[in-house]
Amino acid sequence: MNALGMIETNSIPVGINAGDAMLKAATVELITAQPVCAGKFIVLVSGDVAAVRESVEAGCAVAGQRLVDSVVISSVHPQVPKAINACNDIGQVTSVGVMEAFSLCAAVVVADAAVKAADVDLIDVRLGRGLGGKSFITLTGEVAAVRAAVAAGEALPEAKGMLSESVVIPSPHPDIVNSLY
């Protein structure tokens, strides 16, 4: 997988229909298609860049006015899809960065930028499940690397107005660390 595409709709039936159109429009692999809080629906696909772009365009066309956001990341970091599914293998946690986003698509773009900017590991990219339509990204690494990753995510044009809060916690309490998994 070299590209990741995502659409976010504010209608579950429309989202399912758009997801179907995405899978029929191009040869892509479905990562997830699911309802999330606040009555939204997300569809994530992967594949080669041209196919993912074609797939997302088809999904956007079907979603119409129900489209909240969409994104294509042409060279997604391999940790991002794993973190969306909470499958990254994390070793010792020396510090934690947390970024909260209003847009689920923005959270994915921010997570990708953060993990590309510094030597960090994504713990989770939580996309609107039980969060009232928000998302959050958790990552770990040395304090300076986590600070650099969070700063890179916050600096993205796509993040402007979409991130609500970010923190870096040096030496987090083990119970907080365990709550993140």
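What counts as what
- Residues numbered from 1 in each chain as written.
- Predicted model: local features only at pLDDT ≥ 70, side-chain atom pairs only at ≥ 80, totals over all residues.
- Heavy atoms only, no water.
- Helix = DSSP H or I, 4+ residues; strand = E, 2+ residues; numbered from the N terminus.
- Rg over C-alpha atoms; globule rule 2.2 N^0.38 Å.
- Buried < 20%, exposed > 50% of the residue type's maximum accessible area, 1.4 Å probe, protein only.
- Contact = heavy atoms within 4.5 Å.
- Areas by Shrake-Rupley, 256 points an atom, 1.4 Å probe, with all protein chains shown as cover.
- Core = buried A, V, L, I, M, F, W, Y, C linked by side-chain atoms within 4.5 Å.
- Polar contact = N/O pair within 3.5 Å; in protein donor to acceptor, adjacent residues only side chain to side chain.
- Axes fitted to C-alpha atoms, helices over the stretch in contact; angles between N-to-C directions.
- Left-handed = near helix turned anticlockwise from the far one by under 90°.
- Nonpolar A, V, L, I, M, F, W, Y, C, P; charged D, E, K, R; others polar.
- Pairing = 2+ DSSP bridges.

S.K.: Please explain the overall build of the protein as it appears in this structure.
M.R.: Broken down by element type, the protein carries 6 helices and 8 strands. Listing the helices and strands of the protein from first to last along the sequence gives β-α-β-β-α-β-α-β-α-β-β-α-β-α. Taken against the 2.2 N^0.38 rule, which gives 16 Å for 181 residues, the C-alpha radius of gyration of the protein at 16 Å falls within 12% of a compact globule. Its C-alpha atoms give the protein principal-axis dimensions of about 45 × 30 × 30 Å. Counting the 181 residues in the protein, one finds 50% classified as buried. Partitioning the contacts of the protein with sequence separation of at least 6, the portion at a separation of at least 24 is 75%. Element-wise, carbon and sulfur atoms account for 53% of the exposed surface of the protein, whose accessible area totals about 8,000 Å².

S.K.: Help me understand the nonpolar core in this model?
M.R.: For soluble globular proteins, the rule of thumb is that nonpolar side chains tend to be buried together. One finds Met-6, Leu-122, Leu-127, Ile-137 and Leu-139 to be the most contacted residues of the largest nonpolar core, which totals 38 residues. Looking at which element gives the most residues to this core, the answer is helix H4 (residues 104-117), with 10 residues. Those residues in contact with Ile-137 that lie beyond four places of it in its chain are Gly-97, Val-98, Met-99, Ala-107, Val-110, Ala-111, Leu-122, Asp-124 and Val-125. Judged by nonpolar contacts, the second largest core, of 14 residues, contains Ala-3, Ala-26, Ala-51 and Val-52.

S.K.: Can you help me understand the side chain of Thr-9 in this one?
M.R.: Following the sequence through the fold, Thr-9 ends up in strand E1 (residues 3-9). Separated by 2.8 Å, the side chain of Thr-9 and the backbone oxygen of Ser-11 make a polar contact. Filtering out sequence-adjacent residues up to four positions away, Thr-9 remains in contact with Gly-15, Gly-39, Lys-40, Phe-41, Ala-63, Arg-66, Leu-67 and Val-68.

S.K.: What is the right way to read the packing of helix H1 (residues 12-25) against helix H2 (residues 49-63) from this model?
M.R.: Each packed pair of helices is defined by two parameters, the angle between the axes and the distance between the axes. Closest axis-to-axis distance for the H1/H2 pair is 8 Å, and the angle between their directions is 150 degrees. H2 is crossed by H1, and the crossing has right-handed handedness. Across from Val-14, Asn-17, Ala-18, Ala-21, Met-22, Leu-23 and Ala-25 in H1, the residues of H2 making contact are Glu-54, Ser-55, Val-56, Ala-58, Gly-59, Val-62 and Ala-63. Within the contact of H1 with H2, the residues separate by chemical class into 10 nonpolar, 3 polar and 1 charged.

S.K.: What should I look at first to understand the sheet that holds strand E7 (residues 135-140) in this one?
M.R.: For sheets, the rule is that strands pair by backbone hydrogen bonds, running either parallel or antiparallel. One open sheet accounts for 4 strands, arranged E6-E7-E5-E8; its pairing is antiparallel. The strands lining the two open edges of the sheet, one partner per strand, are strand E6 (121-127) and strand E8 (163-170). Between one strand axis and the next, the sheet turns by 10 degrees as a mean value, whatever way the strands run. Contacts between H4 and the sheet are confined to strand E5 (95-101), E6, E7 and E8, with E6 contributing the most and set at about 175 degrees to the helix. This element, helix H5 (residues 143-155), spans E5, E7 and E8 of the sheet and lies at about 175 degrees to E8.

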